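Chain by chain, the residues:
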Amino acid sequence: MLNNQTVVITGSSRGIGRGLAIEFAKNGANIVLNARKEIDQELISEIESHGVKTHVVLGDIQHFEEAKKLITEAKEVFGSVDVLINNAGITRDMLLMRMKEEEFDSVINVNLKGTFNTIQHASSIMLKQKSGTIINMSSVVGLTGNAGQANYAASKAGVIGLTKSVARELSSRGITCNAIAPGFIETDMTDVLSDKVKEATIAQIPLKKLGQVEDIARAAVFLATNKYITGQVINVDGGMVMNG
């Protein structure tokens, strides 16, 4: 389905990013992994067990030149950049009145500016190819807001606006750009929540269960293989946010 295509995934050492890498490898894509510190050999081995190639580029995509290095190396190693998935993200949750400037800035810099950085570098390659897919990870809180997450919600709402603008700018050259807005997904981040918090969370979800990483990964593969969807936000949230 995606045989020999090059897929670049930021923040791919764990959680959703790790799941994305494995799912795209299952579909025949070569994978460029990215993290700030390290990618474990177990993940690399699992990806390559599907008969595809992988390449690791360490770096913090909130920094413009490090984002450039990621995209440049992907092109040099595999010859193209077919799919870019902006998954890297952080949280610094705090009530607005107590939030420090650094806590606001750091979340915006990684989640929103980092997404801009990689898109700008990848778009020049995709424009020459006259093809490409960009998938940005937003969040349901980017659509609804959430108490204690003004910085995170703002960054993810910004990702949605960025996604729609990029889709309008690049669509004439065969490049699609969409966002996925996950709800509560079962990862190591949710594992630390108490049973009481998990129960309260599940009560808000019409499907009455947490999502799985695979749910996000399959949605991303769908967007990467459908060339007539662009500028959209796909909610993968068990029905939490229903847009009329």
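- Where an unreviewed UniProt entry is consulted, the chain appears under the name 3-oxoacyl-[acyl-carrier-protein] reductase, with the organism given as Vagococcus fluvialis bH819.
- Of the chain, the UniProt comment under Catalytic activity (unreviewed entry) reads exactly: "a (3R)-hydroxyacyl-[ACP] + NADP(+) = a 3-oxoacyl-[ACP] + NADPH + H(+)".
- Word for word, the UniProt comment on the chain under Sequence similarities (unreviewed entry) is "Belongs to the short-chain dehydrogenases/reductases (SDR) family."

1. Observations regarding unusual backbone geometry
Logical step 1: Phi is positive for N4, close to 65 degrees, though the residue is something other than glycine.
Logical step 2: The residue N4 is located in the segment before β1 (6-9) in this model.
Logical step 3: At K208, a residue that is not glycine, the phi angle is positive and equals roughly 60 degrees.
Logical step 4: Tracing the sequence through the fold places K208 in the loop between α8 (195-203) and α9 (213-225).

2. Quick look at the UniProt feature "active site" (unreviewed entry) in the chain
Logical step 1: The residues that UniProt annotates with the feature "active site" (unreviewed entry) are Y152.
Logical step 2: Mapped onto the fold, Y152 is located in helix α6 (residues 150-170).
Logical step 3: Note on Y152: relative accessible area 16%, which makes it buried.
Logical step 4: Excluding residues that lie within four positions of it along the chain, Y152 makes contacts with I90, T91, V107, N111, S139 and V141.

3. Examining the packing of helix α4 (residues 101-129) against α6
Logical step 1: Close contact between α4 and α6 brings their axes to 8 Å; oriented N to C, the two are set at 15 degrees. Between α4 and α6, the angle falls in the class roughly parallel. In this structure, the crossing between α4 and α6 has a hand that is right-handed. Residues E103, F104, V107, I108, N111, L112, T115, F116, I119, S123 and L127 of α4 form the contact with α6, whose participating residues are A150, N151, Y152, A154, S155, K156, G158, V159, L162, V166 and L170.
Logical step 2: Broken down by class, the residue content of the contact of α4 with α6 amounts to 14 nonpolar, 6 polar and 2 charged.

4. So, the pairing of strand β4 (residues 83-86)
Logical step 1: Burial along β4 is two-sided: V83 and I85 and L84 and N86, pointing in opposite directions, are all buried.
Logical step 2: Across 3 bridges, β1 lies against β4 in parallel orientation. Note on β4: the bridge partner recorded for V8 is L84.
Logical step 3: Alignment of β4 against strand β5 (residues 132-137), held across 4 bridges, turns out to be parallel.

Reading the values: the criteria
Residues numbered from 1 in each chain as written. Predicted model: local features only at pLDDT ≥ 70, side-chain atom pairs only at ≥ 80, totals over all residues. Heavy atoms only, no water. UniProt positions renumbered as here; feature names shortened; annotations may be inferred. Helix = DSSP H or I, 4+ residues; strand = E, 2+ residues; numbered from the N terminus. Buried < 20%, exposed > 50% of the residue type's maximum accessible area, 1.4 Å probe, protein only. Contact = heavy atoms within 4.5 Å. Axes fitted to C-alpha atoms, helices over the stretch in contact; angles between N-to-C directions. Parallel < 35°, antiparallel > 145°, perpendicular 65-115°, else oblique. Left-handed = near helix turned anticlockwise from the far one by under 90°. Nonpolar A, V, L, I, M, F, W, Y, C, P; charged D, E, K, R; others polar. Pairing = 2+ DSSP bridges.

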